[in-house]
Amino acid sequence: MEWSSTVSEEFSLRDAVDEAVGKIQDDLGPEPPDLAVAFISAHHAPEYGDVPALVSKALRPRVLIGCSAGGVIGGGREVEDRIGFSLTAARLPDVELVPFHVENETLPDLDAGPGAWEQLIGVEASQEPHLVVLVDPFSLQAENLLAGLDYAYPGSVKVGGLASGGSQPGSNALILGDRSLPTGAVGVAMHGNIRVDTVVAQGCRPVGKPAVVTKSRENLLLELDGRKPMEVLREIFEASEDRDRSLLSSALHLGVVMDPLKSDYRPGDFLIRNVMGIHQETEGLFIGEVLREGQVVQFHVRDAQTAADDLETLLSQYVADHEGAVGSGALLFSCLGRGKHLFGAADHDTGIFQSRVGDIPLGGFFCNGEIGPVGETTFLHGFTSSFGIFSPKSA
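Reading the values: the criteria
- Residues numbered from 1 in each chain as written.
- Predicted model: local features only at pLDDT ≥ 70, side-chain atom pairs only at ≥ 80, totals over all residues.
- Heavy atoms only, no water.
- Pairing = 2+ DSSP bridges.
- Helix = DSSP H or I, 4+ residues; strand = E, 2+ residues; numbered from the N terminus.
- Axes fitted to C-alpha atoms, helices over the stretch in contact; angles between N-to-C directions.
- Contact = heavy atoms within 4.5 Å.
- Parallel < 35°, antiparallel > 145°, perpendicular 65-115°, else oblique.
- Left-handed = near helix turned anticlockwise from the far one by under 90°.
- Nonpolar A, V, L, I, M, F, W, Y, C, P; charged D, E, K, R; others polar.
- Core = buried A, V, L, I, M, F, W, Y, C linked by side-chain atoms within 4.5 Å.
- Buried < 20%, exposed > 50% of the residue type's maximum accessible area, 1.4 Å probe, protein only.
- Patch = residues over 30% accessible without salt bridge, like charges linked within 9 Å, V, L, I, M, F, W, Y side chains within 5 Å.
- Areas by Shrake-Rupley, 256 points an atom, 1.4 Å probe, with all protein chains shown as cover.
- Salt bridge = Lys/Arg side-chain N within 4 Å of Asp/Glu carboxyl O.
- Lys, Arg positive; Asp, Glu negative; His and termini not counted.
- Charge placed at Lys NZ, Arg CZ, Asp CG, Glu CD.
- Arc of directions from axis to C-beta.

Strand order in the open sheet made by the six strands is β7-β12-β8-β9-β23-β24, with mixed pairing throughout. Sheet topology places β7 (95-102) and β24 (377-381) at the edges, where each strand pairs with a single neighbour. On average, each strand axis in the sheet is tilted by 20 degrees relative to the strand beside it, whichever way the strands run. Taken together, the six bridges between strand β8 (residues 130-135) and strand β12 (residues 185-192) define a ladder with antiparallel strand orientation. Counterpart to Val135 in the pairing with β12 is Ala185. Across the face of the sheet, helix α3 (residues 114-121) comes into contact with β7, β8 and β12 while running at roughly 100 degrees to β7. Contacts from helix α4 (residues 142-152) reach β7, β8, β9 (158-162), β12, β23 (370-374) and β24, with the element oriented near 165 degrees to β24.

Glancing now at the packing of helix α7 (residues 304-321) against helix α9 (residues 348-356). Closest axis-to-axis distance for the α7/α9 pair is 10 Å, and the angle between their directions is 30 degrees. Our classification of the angle between α7 and α9 gives roughly parallel. Two packed elements cross with a definite hand, and for α7 against α9 that hand is right-handed. Facing α7, whose interface residues are Ala308, Leu311, Glu312, Leu315, Ser316 and Val319, α9 presents His348, Asp349, Ile352, Phe353 and Arg356. Along the lines of polarity and charge, the residues of the contact of α7 with α9 split into six nonpolar, two polar and three charged.

Another aspect to go through is the nonpolar core. Leu35, Phe39, Val132, Met190 and Phe333 are the most contacted members of the largest nonpolar core, which totals 33 residues. Here this core takes four residues from strand β3 (residues 63-69), the largest share from any one element. Membership of the second largest hydrophobic core comes to 23 residues, among which are Leu107, Trp117, Leu140 and Leu146.

The next point concerns α9. Every buried residue belonging to α9 is among His348, Asp349, Thr350, Ile352 and Phe353, and all of these are buried. In the segment just after α9, Gly358 is the residue with positive phi, at about 130 degrees.

Turning to the sheet that holds strand β2 (residues 35-41), a few remarks are in order. Strands pair in a sheet through their backbones, by hydrogen bonds, and they do so in one of two ways: parallel or antiparallel. One open sheet holds the six strands; their spatial order is β1-β6-β2-β3-β10-β11, and the pairing between them is mixed. Each edge of the open sheet is held by one strand with a lone partner, namely β1 (2-8) and β11 (179-181). Direction aside, the axes of adjacent strands within the sheet are offset by 15 degrees on average. Where β1 and strand β6 (residues 85-91) come together, seven bridges link them in antiparallel fashion. Each bridged residue has a counterpart across the sheet, and for Ser4 the counterpart in β6 is Ala89. Helix α1 (residues 13-28) contacts β1 and β6 of the sheet and is inclined by roughly 155 degrees relative to β1. Where helix α2 (residues 51-59) meets the sheet, it contacts β2, β3, β6, β10 (174-176) and β11, and its direction lies at approximately 40 degrees from that of β6.

Each regular strand carries side chains that alternate between the two faces of the sheet. Where strand β16 (residues 220-224) and strand β19 (residues 284-287) come together, two bridges link them in antiparallel fashion. When the sheet's bridge partners are listed, Leu220 is paired in β19 with Phe286. Looking at chain direction, strand β18 (residues 270-279) and β19 are connected through four bridges and run antiparallel. By the bridge assignment for β19, Ile278 is matched with Leu285. In textbook terms, the turn of a hairpin is the stretch between consecutive antiparallel strands, and for β18 and β19 this stretch comprises four residues, one of which, Glu283, has a positive phi near 60 degrees.

On to the environment of Val212, then. Looking at the element boundaries, Val212 is found in strand β15 (residues 211-217). Accessibility expressed as a relative area gives 32% for Val212, which makes it partly exposed. Residues Val212 and Leu261, spaced 49 residues apart in sequence, show a C-alpha to C-alpha distance of 14 Å.

What follows concerns a negative patch on the surface. Residues Glu10, Asp15, Asp18 and Glu19 make up a contiguous surface patch of negative charge. Relative to the helices and strands, Asp15 is located in helix α1. On the basis of relative accessible area, Asp15 is assigned to the partly exposed category, the value being 39%.

Buried within helix α6 (residues 242-250) are the following residues: Asp244, Leu247 and Leu248. Seen end-on, α6 carries its buried residues on one side only, within an arc spanning 105 degrees. Pointing more than 90 degrees away from the buried face of α6 are the exposed residues Asp242, Ser249 and Ser250. Next to the buried residues of α6 lie β14 (205-206), α5 (229-239), β17 (252-257) and β20 (296-301).

Looking at the element boundaries, Ser41 is found in strand β2. Overall, Ser41 belongs to the buried group, its relative accessible area being 1%.

Now the structure itself:
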């Protein structure tokens, strides 16, 4: 398995494609790669429709997917707020690739069986595929798609993101083969001699102690360990230093433990959701997630230093868990709110990845929502960096 990734900042789209393809061919040789993934900044919007033909003609990949982006990542570099074209390609021996395109109206009903989803994607669950998914946020309900994919392919990894090159319906582009599509979702299902590991860095750290939801109503949190949430928060606030007091007021989140069998929690065990406001009458909290009584939760806070520490910890944990046997290539789906806007400098997350994991080819883009698993369930995240790290199952 061989990967290559690069980014071009050429003003001309044709020159950008030529430069990127040249770098890929220098790395992989002149033969067509099995997979190519392209991300295009909004500066190239008038020529979105030309990208599939240009890349297909120059590189001739078996499968090409991609989308428009608010910022692109290639060759381990992050290109934000300026023109950019990212191209990542791979040779994947003994791996079958099945590209797919779905529209909102073609999604199976919520009561449809797994077979309907297998027919939609074109792969059977028994083949144990892993999926890269790119979604236009204006035309398809990503949560419904992810729920269906989890239902049909429970043992499969799903990573990806929401296209971010446009700010209104019809302004994004999805790429699939020789087509540029304005709506729906595109992706590729991969099965055979391939493994996909994930690192989902949600950029938060816990404050206070874990507690059990003892009363809730949909997304309204009413009791924690029999106490009002605001009472718990006031206690945390009084015990905190000035930095955390400020974050509790401006960057408060709730982490929900996704594995009910766990009792010792570490970064990556929590699904992070926004605390959206206070219900004055009950002193409850509105949370950006439907809660269930009996769930274990813990308050979290977020800032640049916390996000950096979280990513460092998770990537170091990934390397330790794999005893240094890291992947052949990777894709990064990072929130538009991260990057230099959060950290004050470019190449922050890619730099940490390279320092902790190694200098393996890394491409991707800055998303309007990031797709990745927490526990056994795939979620749509915000403020997150979701990595898919690819390697062969066997040499």
